Each structure stands twice: as C-alpha cells, then as structure tokens.
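Topology and contacts: notes
Below, each chain spelled out in residue letters.
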Amino acid sequence: MTCKPYDIPKTLIWEAWLHVKANQGAAGIDAETIERFEKRLGDNLYKLWNRMSSGSYFPPPVKAVPIPKKSGGVRILGIPTVADRIAQTAVKMWLEPRLDPIFRDDSYGYRPGKSALEAIAATRRRCWDYDWVVEFDIRGLFDNLAHDLLMAALRKHCQEPWILLYVERWLKAPMQTTDGQILERDKGTPQGGVVSPILANLFLHYAFDLWVTRHLPGVRFARYADDAVLHCKSKRQAEYVLERIRERFHACKLELHPGKTRIVYCKDINRTSDHPDIQFTFLGYTFRPRKALDKYGRVYVNFSPAVSRDALKAMRQTIRGWHLQLKSDKTLADLSAMFAPILRGWQQYYGRYHGSALKPAWRSMNLFLIRWLMRKHKRLAGRKTRAAEMLKRLAQSQPGAFIHWSLGFLS
C-alpha cells in the first residue's frame, strides 16, 4: 500500500462534494458544470483526493465574473472550477470547527449559527444606549488582504501541513479575465471562493475584533464581513475611535472607504445635537430617527431601523424583471409557486423591524399583478380599476398566495 504525504480522509472529499452539489453554482474556466462533473463522479473525486493527498494539486485560475454593485461600478467575483470548489470546501470543513470558536460574539458574517438579523438586533439595542456611531466599510477587503499577515494568523491556529499548503496556493492562484488574460495575484483572496470568507474572518479577527476589545475598551461593535459599526458615548470619543481604526487598518495594509465611513449621531426625542449625519445603513437596514408610539398612544421620535431605500429599489427592480404582465398563460397558483418564496424571504428579513416600510415593494408587486390580469382577461383589457378590484377579491379569497396579501396589503 502506497503511503501518501498527507492523510486526507476520502470521506471528507465526499462530504465536500455533497455540499458543492447542494449549493450548485456556475462553472469555472474549464466550463465543467456540476452535472458534467457528476457523470464521472467516482473518477473525478478519486483523482482530486489522490492529487491533494500527494501534494500535487495546484488550483487552476479562477474565472473573473463582473457583478454590478448597488452603489455603481462592478465587483469582480472569482469563480473556481467545480473540482476546486470541492477542494476548498474540504478545507473549509476542516477549518471551521477549529477557527469559529475563537471568533468574537460580535462577528456575524459567514458563521454557522450567526445571521445578519442578529447584527441588526444588537445594533438597534446599542443605538439606544450609545449616542454616537462610527460607520465604516473597508475598501476592497477581499482584493487587498495581505498574504503574509493572513498566513501568520492561520499558522497560529493550524499546524496541519496540507491545509497550510493549499490555502497558500489558493491565495496565489491567478485570475482569468473574460478576454482570457491571466492576472497574477500577490494579495487578496477571490471573492467567490469557498474558503475566502473564513480566511477574511480570521484576518479581521486580529486586525479589528480582538484589537478593538483590547485597545478600545468600552466601545461596542457589530461586524458582518467588511461592514461594521462601532458605538461611542460622545462625539469626541467617536472621532478618536475613527482615527485609531484608520491607523489600525493602515498598519494591516487595508484602507477605509472614504465614502462609506463617517460619524453618525443617533438622534431621538432625548438627543438634541445638531450634528449633520443622523442616519446610517447597515446590512440593508437604514437606522434613523422615526416616529413611534409609546404604550399610551403618544407620538415620539425613536432612532430605529427599517428597510433601506437602496434595498427597496433593488426589490422593485427585481419585480419589474419578472415581467409578470407577460405571463398571461400562467395561473395565480403558478405565479405564487414562482415568486412567493422570494417575497417571503424579503418579508422574513426586512419585515423584522418597521415592516410597513416594505409597502412600496408590495404595491409594485400588486401593480404588476393588475397588469397581468388586464392581459389575461380580455374583459379587463384597458380597465385598470376593474382589474384592481378583481385583484383585491383574489387577495381576500386566497391570502396565502403571497405573503403581503396575508399581511393585509391587498391593493
């Protein structure tokens, strides 16, 4: 029996394949889909395990895919091949149970058992206790992570040779652009790589989370990947914290995004500063002064979250892109099966706080359903008012078809 230099269980590769298959995803530079990979599954998995166990596995270049950003411009995703996703998933499955326990409670992104809504809930509570917030965003975190610092952090918690070998190879793997150009990399980890999020969390655990805990005692924070807020008692403290954070990231070879970094005053009925910035957006929620009712029915101003304007705009654009009005061959049940899960997901996330702010999205959905009815039924052609009345009757008789109907947004 031939001994391999690295003892990698075959079961780990198999379990990694099951994860990759469940998550689906696009093909990499070799154009091999999951379906095509599965046709020779046994041979492909054995070949991958054999090469990884012998130390002869070298990741192919990742495929550069430009994705439009909500704020304008594009973000470049690096899409690995199916085989490379399996290899990365195996490493992630080995690393996660060893690294996740060291991370701070206030790190919420890309972690098992953690969610963005937990970060929103913690931030909401702290905005009541602290008057000032430092909002920041790291410019191009995944593109600019320093390899030497990242590997030093990884070696502190991992001495497994094959893990260190392949993480280093993934960090150095080139990127192939849409025109076939090969770009070498000496920093960063591809956004889109399976192992990239846990590596980014490890880097920021030392660059930010642990550093804040040790050097800025009394300052609370919530971080989700490269998006974070810190809570301060005074404007003077917030200014000091922002300057220290800027210096810290510079020392870690990172830079704060100037357009997404600022000091915000959490203005409410009891807070009277004339600071110009009184709102911030975190994880799709905008925190700002809002009217609220106390238990006696009296109106007061509270600093609280609701769905952001950009998130609402993205939802309406998504609804428009469904072209509901053209699906006159579909029944209401068909449309419900196609789109209700997405609407339900929006409600579950953005409806947690100040859910009535989702009304523009629900109104948009209803308007396109009205147009659908006008095309589907000849007697309603050009008769928007009658179509709206019919939609309202449908919503009342079948409120379970769409989540917003069950919530009372019927027209």
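Scroll up for the structure.
This write-up is about the structure you can find in this document. Values in this document were obtained by computation on a predicted structure and should not be read as measured data.

On to empty space enclosed by the protein. For the structure shown, the criterion picks out one cavity of 30 Å³ or more. Here the largest cavity is characterised by a volume of approximately 70 Å³. If you go around the largest cavity, you meet 13 residues; those closest to its centre are Val 62, Gln 88, Trp 170, Pro 190 and Gly 193. Residue classes in the lining of the largest cavity are distributed as eight nonpolar, four polar and one charged.

Turning next to the packing of aromatic side chains. Counted according to the given criterion, the structure contains 19 aromatic pairs. Taking 5.1 Å as the distance between ring centres and 75 degrees as the angle between the ring planes, the aromatic pair formed by Phe 208 and Phe 221 counts as edge-to-face. Residue Phe 208 is located in helix α9 (residues 196–215), and its partner Phe 221 is located in strand β6 (residues 220–224); the two are separated by 13 residues in the primary sequence. Side by side, Phe 208 and Phe 221 carry an identical accessibility label, which is buried. A centroid spacing of 4.7 Å and a plane angle of 90 degrees characterise the contact between Tyr 349 and Tyr 350, whose relative ring orientation is edge-to-face. The residues Tyr 349 and Tyr 350 share a single accessibility class, namely buried. Just above the ring of Trp 94 sits the side chain of Arg 98; from NZ or CZ to the centre is 3.7 Å.

For the coordinates displayed, the defined rule picks out zero disulfides. No disulfide involves Cys 232; its sulfur sits 9.7 Å from the nearest other cysteine sulfur, which is in Cys 266. With no disulfide of its own, Cys 266 lies 4.0 Å from the sulfur of Cys 127, the closest cysteine sulfur. With relative accessibility at 0%, the residue Cys 266 sits in the buried group.

Let us look at the nonpolar core. Ranked by internal contacts, the top residues of the largest apolar core, which has 70 residues, are Ile 86, Leu 230 and Ile 245. In terms of residue count, the dominant contributor to this core is α9 (10 residues). When residues no more than four places from it in sequence are discounted, the contact partners of Ile 245 are Phe 208, Trp 211, Val 212, Leu 216, Leu 230 and Leu 256. Ranked by size, the runner-up nonpolar core spans 56 residues in total, among them Cys 127, Val 229, Phe 303 and Tyr 353.

Cut-offs applied
Residues numbered from 1 in each chain as written. Predicted model: local features only at pLDDT ≥ 70, side-chain atom pairs only at ≥ 80, totals over all residues. Heavy atoms only, no water. 1 Å grid on protein atoms, 1.4 Å probe; cavity = no way out; pocket = protein on both sides within 12 Å on 5 of 7 lines; lining within 4 Å. Points joined across faces, edges and corners; volume = space filled by probe spheres on them. Nonpolar A, V, L, I, M, F, W, Y, C, P; charged D, E, K, R; others polar. Phe/Tyr/Trp six-rings, centres within 6.5 Å; stacked < 30°, edge-to-face > 60°. Helix = DSSP H or I, 4+ residues; strand = E, 2+ residues; numbered from the N terminus. Buried < 20%, exposed > 50% of the residue type's maximum accessible area, 1.4 Å probe, protein only. Lys NZ or Arg CZ within 6 Å of the ring centre and 35° of its normal. Disulfide = S-S within 2.5 Å. Core = buried A, V, L, I, M, F, W, Y, C linked by side-chain atoms within 4.5 Å. Contact = heavy atoms within 4.5 Å.

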